[in-house]
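Report on the structure
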Amino acid sequence: MGFKNSNIAQAWLVLVLCLCFGSALAAVHVTLSPTILENKINETLEKVPVLVLGEETAAAMLQGGEALQIESVQVQVEKSGRSVSYVVYGALLKGARVGWVVKSSGQGYADEIELLVGVNGKADTITGLFVLDQKETPGLGNKVIETRWRAQFIGKPTGSALAVTKSGASTPEEIDAVTGATISSKAVVQIGNTALADVGPVRKDIIRSEDPISGPMDPHGWSVSVRAACRKIRWFVSCWDS
């Protein structure tokens, strides 16, 4: 019996090819993961001024040679039987607190969606929203990345949860859904709602440590020690509710 007529041999060939391709893809993913993570960090830092100050003000500052001081802190939330970790970026201009950006993620229609949500210094108003990563349906759900749709979030209050509507927003808490992509729209809104609700009232359930753990600085020099990070987190919580 020839190879071409052997179903078992062909099945083994398919299996071996799948293993080879799978291993190759895994190797590529492992190799590129640090680069992908660094690119996301860089993109996040670039977006912080825009999300806090607005496109025009951020551009004017850049042109004038000014820059925000950006702090990165981690907030751990234990709530309703779940444990969630958020990265929060605090933005200062000439020593004054001008806003915060919360990085969050959650399930979309097709895959995970990563968001950056900007709020003002008092954290009572949303100042911007950016979709850092998504794999929603092209031409439908992926329209959540469009500036026009995301602009709806600017100026929305953080004190109450936002809701998606398909009939036209008529209250400050409503967001118009992307046509044909209600699930993706609701996913973005829910991720934002959850992040702001989790991080805002945080009091005790945050990362704390009495033993400073100093280590190598990351590329942006954010991590000094766990103790220093905890002090910044407490400062963040205090400012958030003031």
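Residues numbered from 1 in each chain as written. Predicted model: local features only at pLDDT ≥ 70, side-chain atom pairs only at ≥ 80, totals over all residues. Heavy atoms only, no water.

**Some remarks on the overall build of the chain**
For the record, the criterion: By definition, any uninterrupted DSSP run of H or I lasting at least four residues is a helix, any uninterrupted run of E lasting at least two residues is a strand, and each is numbered from the N terminus. The buried label applies to any residue whose accessible area, calculated with a 1.4 Å probe on protein chains only, is under 20% of its type's maximum; exposed applies above 50%, and partly exposed to all values in between. Where accessible areas are quoted, they stem from the Shrake-Rupley method and a 1.4 Å probe; at the residue level, only the protein chains shown are allowed to cover.
Counting secondary structure elements, the chain contains 5 helices and 7 strands. Mapped from its N terminus to its C terminus, the chain presents α and β elements in the order α-α-β-β-β-β-β-α-β-β-α-α. Considering the chain as a whole, with its 242 residues, one finds that 36% of them fall into the buried category. Of the roughly 13900 Å² of accessible surface on the chain, a fraction of 58% belongs to carbon and sulfur atoms.

**A short note on the sheet that holds strand 1 (residues 69–79)**
Our working rule: The rule for pairing is simple: two strands pair if DSSP sees at least two bridges between them. Lines fitted to the C-alpha atoms define the axes, with helices restricted to the stretch that makes contact. Angles between their N-to-C directions range from 0 to 180 degrees. Pairs of residues are marked as contacts when any of their non-hydrogen atoms sit within 4.5 Å.
Read across the sheet, 5 strands follow the order 1-2-3-4-5 without closing on themselves; strand pairing throughout is antiparallel. Whereas interior strands pair on both sides, the edge strands pair on one side only; in this sheet they are strand 1 and strand 5 (126–133). Taken pair by pair, the neighbouring strands of this sheet meet at an average axis angle of 25 degrees, ignoring direction. In this structure, strand 3 (residues 96–107) lies alongside strand 4 (residues 112–120), joined through 9 bridges in antiparallel fashion. Across the sheet, G106 pairs through a bridge with I113, a residue of strand 4. Where helix 4 (residues 182–199) meets the sheet, it contacts strand 1, strand 2 (82–93), strand 3, strand 4 and strand 5, and its direction lies at approximately 55 degrees from that of strand 4.

**With respect to the pairing of strand 4**
The buried fraction of strand 4 is high, at 8 of 9 residues. Connecting strand 3 to the next strand, strand 4, in antiparallel fashion are 4 residues. Alignment of strand 4 against strand 5, held across 6 bridges, turns out to be antiparallel. Paired with E114 across the bridge in strand 5 is D133. What sits between the antiparallel neighbours strand 4 and strand 5 is a turn of 5 residues, in which A123 has the positive phi angle 60 degrees.

**Here's the deal with the confidence of the model for the chain**
Our working definition: Each residue carries a pLDDT score, the predictor's own confidence in it, on a scale running from 0 to 100.
Across the chain, the average pLDDT comes to 78, with 72% of residues at or above 70. The element-level mean pLDDT for the chain is lowest in helix 5 (residues 226–240), coming to 40, with strand 6 (residues 163–165) highest at 97. Note that residues 203–242 has pLDDT below 50 and, in this model, 66 contacts with residues that lie over four places away or in other chains.

**A look at the nonpolar core**
To be explicit about the condition: Here, nonpolar core refers to any group of buried Ala, Val, Leu, Ile, Met, Phe, Trp, Tyr and Cys residues whose side-chain atoms link them within 4.5 Å.
Within the largest apolar cluster, 30 residues are counted, with the highest numbers of intra-cluster contacts made by F153 and V188. Broken down by secondary-structure element, the contributors of at least two residues to this core are strand 1, strand 2, strand 3, strand 4, strand 5 and helix 4. Here this core gets 7 residues from one element, more than from any other, and that element is helix 4. Ignoring sequence-local partners within four residues, the contact set of F153 consists of I126, L129, L162, I175, V188 and V189.

**Quick notes on the pattern of salt bridges**
Two side chains of opposite charge can pair, provided their charged atoms sit close to one another. As a reminder of what qualifies: What makes a salt bridge here is a side-chain nitrogen of Lys or Arg within 4 Å of a carboxyl oxygen of Asp or Glu, nothing more.
Tallied over the entire structure, the rule returns 5 salt bridges. Taking the shortest distance from any N to any O, the salt bridge between R82 and D198 comes out at 2.9 Å. With R82 in strand 2 and D198 in helix 4, this residue pair connects regions lying 116 residues apart in the sequence. On the accessibility criterion, D198 (2% relative accessible area) is buried. A salt bridge links E114 to K103; its shortest N-O distance comes to 3.8 Å. Taken together, the residues E114 in strand 4 and K103 in strand 3 connect sequence positions 11 residues apart.

**Some points on unusual backbone geometry**
Residue K94 is not a glycine yet carries a positive backbone phi of 55 degrees. Tracing the chain through its elements places K94 in the loop between strand 2 and strand 3.

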